[in-house]
Amino acid sequence: MGARSITLAKINRTPASVAEDELVFQSGANVLVGDKNTGKSMWLSMIDYLFADDDSAESAFGEDLANKYESLAAQLLVGNESLEVSRNWKMAKLRGKIVVNGEPILPREFSHLLLEKSGIPLVHYPQGNPYAARKWPELGWRSLFRHMYRRQQYWADLADKQPESEQHACICMFLGLAPQLFSASRGELVSAEKQRQALEYEKEQFLSMLASISNELVGAESGLGVQITRDSVQHGIERLNGQISSLQESRLQILTRLAEAAQSKVEANTNELAALETEWLSLNQRKGEIVKESDKTRLQVSELSLYISSIENEIGRLERSRVAAEVIADIRVTTCPACDLPVEGRTARPNTCFLCGQELSLGSNDTGFKRIDLEIDHLLADLEESKGLIEVLKTHVTENDKEQIELDETMRSLNSRLRPYRQAAAAIETPELSAIDTEIGRLEEKINQLQRISGSLDRRNQLSQKIDQLTQSISLLESAISQESSHLDFSTSGDVLADGMNTYLNELKRLHPTSWNTAAEVSAHLTDRSLSLKVGQGSWRTKLGGTMRLYFLMAYHYALLSLTGGENRFYPGLLILDFPAAMEDGSTIADKENFVLEPLISLSRSSSQSVQIIAAGSAFQGLAGARRIELATRWVE
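On a predicted model such as this, the values are computed, not experimentally measured, just so you know.

### Re the overall build of the chain
Secondary structure assignment for the chain yields 16 helices and 16 strands. The buried share among the 637 residues of the chain stands at 42%. In the chain, of all internal contacts separated by at least 6 residues, the share reaching a separation of at least 24 is 69%. Carbon and sulfur atoms make up 50% of the accessible area of the chain, which amounts to about 34,400 Å² in all.

### A look at unusual backbone geometry
The step from Thr14 to Pro15 runs through a cis peptide bond, and the omega angle for that step is 0°. The backbone of Asn101 sits at a positive phi, close to 50°, despite the residue not being glycine. Structurally, the position occupied by Asn101 is in the loop between strand 6 (98-100) and strand 7 (103-105). Taking relative accessible area as the criterion, Asn101 reaches 46% and is therefore assigned partly exposed.

### What about the side chain of Asp53?
Note on placement: Asp53 falls in the loop between helix 1 (40-50) and helix 2 (57-61). Buried charge Asp53 goes without a salt bridge, the closest partner of opposite sign being Arg142 at 4.2 Å. Aside from chain neighbours lying at most four places away, what touches Asp53 is Asp48, Ala60, Arg87, Pro107 and Arg142.

### Concerning the packing of aromatic side chains
Scanning all chains against the criterion turns up twelve aromatic pairs. Between Phe145 and Tyr149, the ring centres sit 5.9 Å apart and the planes meet at 40°, which makes this aromatic pair tilted. For Phe145, a relative accessible area of 2% corresponds to the buried category. Relative accessible area serves as the criterion here: at 6%, Tyr149 is assigned to the buried category. Put simply, the rings of Phe51, Trp141, Phe145 and Tyr149 touch in pairs and so form one group of aromatic residues. Against the face of Trp155 rests Arg150, its NZ or CZ located 5.2 Å from the ring centre.

### Here we look at the pattern of salt bridges
Counting across every chain of the model gives 15 salt bridges. A salt bridge links Arg286 to Glu289; the shortest N-O distance between them is 3.5 Å. Residue Arg286 and its partner Glu289 are both found in helix 10 (residues 270-328); the two are separated by three residues, about one turn of the helix. Residue classification places Arg286 among the partly exposed positions, given a relative accessible area of 29%. Several salt bridges share partner residues, and in doing so they unite Asp48, Arg142 and Arg151 into one network.

### Quick word on the sheet that holds strand 11 (residues 522-526)
With antiparallel pairing, three strands are arranged side by side in an open sheet as 11-12-13. The open sheet terminates on both sides in strands that have one partner only, identified here as strand 11 and strand 13 (538-539).

### Brief notes about the environment of His168
Positionally, His168 belongs in helix 6 (residues 164-174). It is 9.3 Å that separates the C-alpha atoms of His168 and Thr527, two residues lying 359 residues apart in sequence. Not counting chain neighbours up to four residues away, the residues in contact with His168 comprise Leu181, Phe182, Leu526, Thr527, Asp528, Arg529, Ser530 and Leu531. Polar contacts involving the side chain of His168 include one to the main-chain amide nitrogen of Ser530, which spans 3.4 Å.

### Brief notes about the pairing of strand 15 (residues 612-617)
Within strand 15, six of the six residues are buried, which leaves it mostly tucked inside the rest of the structure. Two elements, strand 3 (residues 28-33) and strand 15, share six bridges in a ladder whose sense is parallel. Within strand 15, the position partnered with Val33 by the bridge is Gly617. Bridging between strand 14 (residues 574-578) and strand 15 involves five bridges; their strand directions are parallel. Each bridged residue has a counterpart across the sheet, and for Leu577 the counterpart in strand 15 is Ala615.

The rules behind the values
Residues numbered from 1 in each chain as written. Predicted model: local features only at pLDDT ≥ 70, side-chain atom pairs only at ≥ 80, totals over all residues. Heavy atoms only, no water. Helix = DSSP H or I, 4+ residues; strand = E, 2+ residues; numbered from the N terminus. Buried < 20%, exposed > 50% of the residue type's maximum accessible area, 1.4 Å probe, protein only. Contact = heavy atoms within 4.5 Å. Areas by Shrake-Rupley, 256 points an atom, 1.4 Å probe, with all protein chains shown as cover. Lys, Arg positive; Asp, Glu negative; His and termini not counted. Salt bridge = Lys/Arg side-chain N within 4 Å of Asp/Glu carboxyl O. Phe/Tyr/Trp six-rings, centres within 6.5 Å; stacked < 30°, edge-to-face > 60°. Lys NZ or Arg CZ within 6 Å of the ring centre and 35° of its normal. Pairing = 2+ DSSP bridges. Polar contact = N/O pair within 3.5 Å; in protein donor to acceptor, adjacent residues only side chain to side chain.

Next comes the structure, spelled out in structure tokens:
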């Protein structure tokens, strides 16, 4: 199934000032004819604006027209369905929106609607390198519409100001290749390839950095000079453990020798030393507990002080409220809340409201005062209790401080009694023993570093596993894509495009034998990445100029029109042409407008498919087979 055709039945602009503010078109060829400044190009710009242009009206067709008119409305036929489409740029709530069958939507939403209604699939395509980091953009209606609407100033390329990757994607869509070529599976494949490349780079950088850091941390003695492996790390740990064992043996020999030398220096009773050390440790532990407890108690005192302050503030607020209540208790309403008229001469019966006359409960005026007094009494009780508690806590802090002072004095006394033993122990310390201990500590730290490095190798294994998983996924996706695109014949599709162009050129040469004077056929080389169009053996861009380029581009448009209604072809049968006054080489086009359209009209009328051509020019004299719409009103565009 292919795309459904899109036809513009009519368009009008308001407020209408002349009859030419509404145009009615037919299926087939329509030509807008008029002298300079009769608004032909402006009408086509307005049609373009209706077809989901997201720019402002001022930018789309100029401030003069945007100020003169306030809205556009058109009837579109998409297949057999009619759409009423309008745009209003003067109404704030509709500015920037398109109203479709009475419902305002954004231009992007209307683009999606046009694709959906016409049966054109929505795909995403790669720009440039498909494996680049950027996300694949959407191939939207506006991209495709640039191949259906050729502006007056853009007669140099297939679709001027459009990147080649976007042009290629549009042509592949028209030829029916894009849904499979840019399928979701292909997007997933590209995403998986990007992830695999990123993981491989991350693994390479990780190993390089790990090797550099490892050599700096553990040095050459670890044996990790070339590349880090788990076995190399284990062998390095074993070597370092051997060095530590040797150092520990030397240390034991030194300690044995020094212990024998120090035996004569320690004459104190061993039991006394043990008792003194035990008592010192006990006192030091108790001191730590007291310090911790004092800090906790001081924090409680601080929090309780804040609480007392808040109670006092609340009591003061309630007392002020009571005084205020006593002052305003007897104030009477002077104005009726219902009618806002003054209340005068009202005398209330006892225990009744003087305004509404309803009976008041006894002591109602005192109820509020009693409630405030009760609240104040509760707060005063809390205040008294809190003050008592804070005094207890302060006493506890004082007792702790006193006990800490006593512990400090006792520990100083114990330190004096332990001093001789510590001096005797210090006598066995030697620089040689300190150096050995330092070296053992250094080697043990290197072992720890190697163990951490060994753990880091797990990260490499994790990366390798992820790479393997992605490789398997890529293989499955490639297999799925191969099946999806097995029927994609780029060569045949390129031939279809070239045949359509050559068909137009044959008809042009039949009607006007001296027109296509190169006598060379058009060929198309289409791949999954690019399209190359040639005239003879040369590129059309370098070989053709001026009038010949005009013929070539008209042949391209006919080739697209010929796809309308074709099985799995997605061109909606609409072509809008705004002929320029002259080509790039300076050759005039007025005398060529008729015969470049004649082949289009002739070939389109012989086709069974419904297409619509809307062309604007200055002449079209005697052009058969086209609806002629003449614009006579002159004004400065």
